Amino acid sequence: MISSLFDLPRPTLPIIGETVAFPVRRIYCIGRNYAAHTREMGGDPAIQAPIFFMKPADAVTLAAGALPFPGDTMDLHHEVELVAALGSGGRNIEPADAMSTVYGYGVGIDLTKRDRQAEAKAAGQPWDRAKGFDRSAPVSEIRPLARCGPVHSGRIWLAVNGETRQSADLSTMIWDLPNIIAKLSAIWTLAAGDLIFTGTPEGVGRILPGDRITAGVDEVGRIELILS
Ligand code: MN
């Protein structure tokens, strides 16, 4: 049906306290933004700066309830991350001005097929298959910054079947959110609707069908997923 071609759904996330949804334009991700996680991945944070990659906008899915196991992997990993949702954008944004572009925050999981990523790294190939698959970006409802204020510190954590796997403080990021926005906007023109996954702390690991994943960021939110 040609009509369906011109009526494509736009990926969105609910906003706490609003009836309208947040429209997702792009999903930027930052890798190696916590020193201990860089080390657990075999890197050296003293010589390897954080990196950027993207997921497709329609990889976003509300982090609530059942999430189908994606397949194409024997080693699906959790990476809990603070997600920033932009209400405006621009080019070459100064760190001092960056927070004015942030509409709100979410709690996200940068789902990663670690086996596919390791193969890609070894072969010098892109990470799309490992990082950009369907529903690879579960995110909570967006909490407007107007409700929680800027979030620069606080606990970020993730548990699998009630056992804590990741727990760190946001203040231990190598690049904080204003600096991430400044660096991203030197490369791409940022805009309203962009999501930024700000990196994961140490403790990433495998999750399996049937696992119950809970995660949260102080002041931002809490999510619960069942991998089905
Ligand atoms: Mn990540």
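### Quick word on the coordination of the manganese ion
E79 (OE), E81 (OE) and D110 (OD) make up the full set of protein donors to the manganese ion, lying at 2.0 to 2.2 Å. When the donors of the manganese ion are listed by position in the chain, the intervening gaps give E-x1-E-x28-D. On the criterion of sequence distance, the pair formed by E79 in the loop between β7 (76–78) and β8 (80–86) and D110 in the loop between β9 (102–109) and β10 (112–113) is long-range, its members being 31 residues apart. For the pair E79 and D110, a shared accessibility class is recorded, and that class is buried.

### Remarks on the side chain of E81
Within the fold, E81 resides in strand β8. The side chain of E81 sits in the buried core without any salt bridge; K131 is the nearest counter-charge, 5.6 Å away. From its side chain, E81 meets the backbone nitrogen of G199 in a polar contact 2.8 Å long. Excluding residues that lie within four positions of it along the chain, E81 makes contacts with I30, G106, V107, G108, D110, I156, F197, T198, G199 and T200.

### As for helix α7 (residues 177–185)
In an α-helix, one turn spans 3.6 residues; hence positions three or four apart end up facing the same way. When you tally the buried positions in α7, you get seven out of nine residues, the bulk of the element. By the burial criterion, the buried members of α7 are L177, P178, I180, I181, A182, L184 and S185. Buried residues along α7 sit in contact with β3 (27–31), β4 (51–55), β8, α3 (95–98), β9 and β15 (195–197).

Each value, and the rule that gives it
- For every chain, the first residue of the written sequence is number 1, and numbering continues from 1 onward in sequence order.
- Two thresholds apply to this predicted model, a pLDDT of at least 70 for residue-level local features and 80 or more for giving and counting side-chain atom pairs, whereas whole-chain, interface and lining totals are computed over all residues.
- Remark: hydrogens and water are excluded; side-chain values derive from all non-hydrogen atoms of the structure.
- Metal-coordinating donors are taken as N, O and S atoms lying within 2.8 Å of the metal, or within 3.2 Å when the metal is Na, K or Ca; because water is left out, some sites can appear incomplete.
- Helical segments are the DSSP runs of H or I of at least four residues, strand segments are the runs of E of at least two, and each set is numbered from the N terminus.
- When accessible area is computed with a 1.4 Å probe and restricted to protein chains, residues below 20% of their type maximum are described as buried, those above 50% as exposed, and intermediate ones as partly exposed.
- Think of it this way: Lys and Arg go in the positive column, Asp and Glu in the negative one, and His and the chain ends go nowhere.
- The working definition used for a salt bridge is a side-chain nitrogen of Lys or Arg within 4 Å of a carboxyl oxygen of Asp or Glu.
- Two N or O atoms form a polar contact when they lie within 3.5 Å of each other; inside protein one atom must be a possible hydrogen donor and the other a possible acceptor, and for residues adjacent in sequence the pair counts only when both atoms belong to side chains.
- Contact definition: two residues touch when any of their heavy atoms are within 4.5 Å.

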